[in-house]
Amino acid sequence: MSPKPTCHLIRPESSYEGKQGLSYFTGIAAETVGSSGICMHLLTMPPSARAKAHMHESHETAIYVLSGEVHTWYGDRLEQQIVVKAGDLFYIPAGVPHLPANLSASPASAVIARTDPNEQESVVLLPQLDGQVA
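Values in this document were obtained by computation on a predicted structure and should not be read as measured data.

Rules and cut-offs
Residues numbered from 1 in each chain as written. Predicted model: local features only at pLDDT ≥ 70, side-chain atom pairs only at ≥ 80, totals over all residues. Heavy atoms only, no water. Helix = DSSP H or I, 4+ residues; strand = E, 2+ residues; numbered from the N terminus. Rg over C-alpha atoms; globule rule 2.2 N^0.38 Å. Buried < 20%, exposed > 50% of the residue type's maximum accessible area, 1.4 Å probe, protein only. Contact = heavy atoms within 4.5 Å. Areas by Shrake-Rupley, 256 points an atom, 1.4 Å probe, with all protein chains shown as cover. Lys, Arg positive; Asp, Glu negative; His and termini not counted. Charge placed at Lys NZ, Arg CZ, Asp CG, Glu CD. 1 Å grid on protein atoms, 1.4 Å probe; cavity = no way out; pocket = protein on both sides within 12 Å on 5 of 7 lines; lining within 4 Å. Points joined across faces, edges and corners; volume = space filled by probe spheres on them. Nonpolar A, V, L, I, M, F, W, Y, C, P; charged D, E, K, R; others polar. Disulfide = S-S within 2.5 Å. Patch = residues over 30% accessible without salt bridge, like charges linked within 9 Å, V, L, I, M, F, W, Y side chains within 5 Å. Salt bridge = Lys/Arg side-chain N within 4 Å of Asp/Glu carboxyl O. Pairing = 2+ DSSP bridges. Axes fitted to C-alpha atoms, helices over the stretch in contact; angles between N-to-C directions. Phe/Tyr/Trp six-rings, centres within 6.5 Å; stacked < 30°, edge-to-face > 60°.

### Topic: the overall build of the chain
- Scanning the chain from N- to C-terminus turns up 1 helix and 11 strands.
- Reading the helices (α) and strands (β) of the chain from amino to carboxyl end gives β-β-α-β-β-β-β-β-β-β-β-β.
- Taken over the C-alpha trace, the chain has a radius of gyration of 15 Å; the compact-globule value for 134 residues is 14 Å, and the two agree within 12%.
- In terms of overall dimensions, the chain has a C-alpha envelope of 55 × 30 × 25 Å along the principal axes.
- With 134 residues in all, the chain has 39% of them scored as buried.
- At a minimum sequence separation of 6, the contacts of the chain that also span at least 24 residues come to 71%.
- When the accessible surface of the chain is split by element, carbon and sulfur atoms take 58% of a total near 7500 Å².
- One way to put it: in the chain the 8 positive side-chain charges average out to a point 3 Å from where the 13 negative ones average out.

The structure is reproduced here in structure tokens:
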């Protein structure tokens, strides 16, 4: 018999290095609270930080930018680009290659939620695309 589900409070005081090459604050995930359909965490990208090209194989991503701005290249060859600024919401469908970078002189922070409860499980690195973005 499994224990009765209960609420959990997470204070993002520790961080971990993601496969994408960025440092994430520990948040809500299967590993921390036993979630089964969602993860959510906080990411602060320092100036000049850039992720590795990647996709989330079968999981959607929703991002709310709290501060700063992030340039994101996306598409099969990272041929499309968008600048996501403080107050913007950004959606990335499952299986879409993308590469975010903070090209500014200020940190950028965002709340990121995914339909993958195991935050890093569906991350697929795409090193063949890293050179597509200077």
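Alright, that's what it looks like, and here's the rest.
### Let's talk about empty space enclosed by the protein
- In total, this model carries 1 cavity of 30 Å³ or more according to the counting rule given.
- Together, 20 residues line the largest cavity, and L43, I63, V70, P100 and I112 are the ones closest to its centre.
- Of all the elements in the fold, those that place two or more residues in the lining of the largest cavity are strand 3 (39-45), strand 4 (54-56), strand 5 (61-67), strand 6 (69-74), strand 8 (89-92), strand 9 (98-101) and strand 10 (108-114).
- The leading source of residues in the lining of the largest cavity is strand 10, at 5 residues.
- Of the residues that constitute the lining of the largest cavity, the class distribution is 14 nonpolar, 5 polar and 1 charged.

### Re the state of the cysteines
- This model, assessed by the stated rule, comprises 0 disulfides.
- Free cysteine: C7, not disulfide-bonded; nearest cysteine sulfur from C39 at 18 Å.
- The exposure class of C7 is exposed, given its relative accessible area of 75%.
- By relative accessible area, C39 is classed as buried at 0%.

### As for a nonpolar patch on the surface
- Among the surface-exposed residues, I28, I38 and M40 lie close enough to one another that they form a single nonpolar patch of about 230 Å² accessible area.
- Mapping I28 onto the fold places it in strand 2 (residues 23-28).
- The exposure class of I28 is partly exposed, given its relative accessible area of 31%.

### Comments concerning the sheet that holds strand 8
- The strand order across the open sheet built from 6 strands is 1-2-3-10-5-8, with neighbouring strands paired in antiparallel fashion. Strands at the two margins of the open sheet, each flanked by one partner only, are strand 1 (15-17) and strand 8. Averaged over all adjacent pairs, the angle separating strand axes in this sheet is 30°, with direction ignored.
- When strand 2 meets strand 3, the two strands line up antiparallel, connected through 3 bridges. In the sheet register, Y24 faces strand 3, and the bridge partner there is L43.

### Some details on the packing of aromatic side chains
- Across all of its chains, the model carries 1 aromatic pair by this definition.
- A centroid spacing of 6.4 Å and a plane angle of 65° characterise the contact between Y74 and F90, whose relative ring orientation is edge-to-face. Of this pair, Y74 sits in strand 6 while F90 sits in strand 8, and the two are 16 residues apart along the sequence.
- Residue classification places Y74 among the partly exposed positions, given a relative accessible area of 24%.

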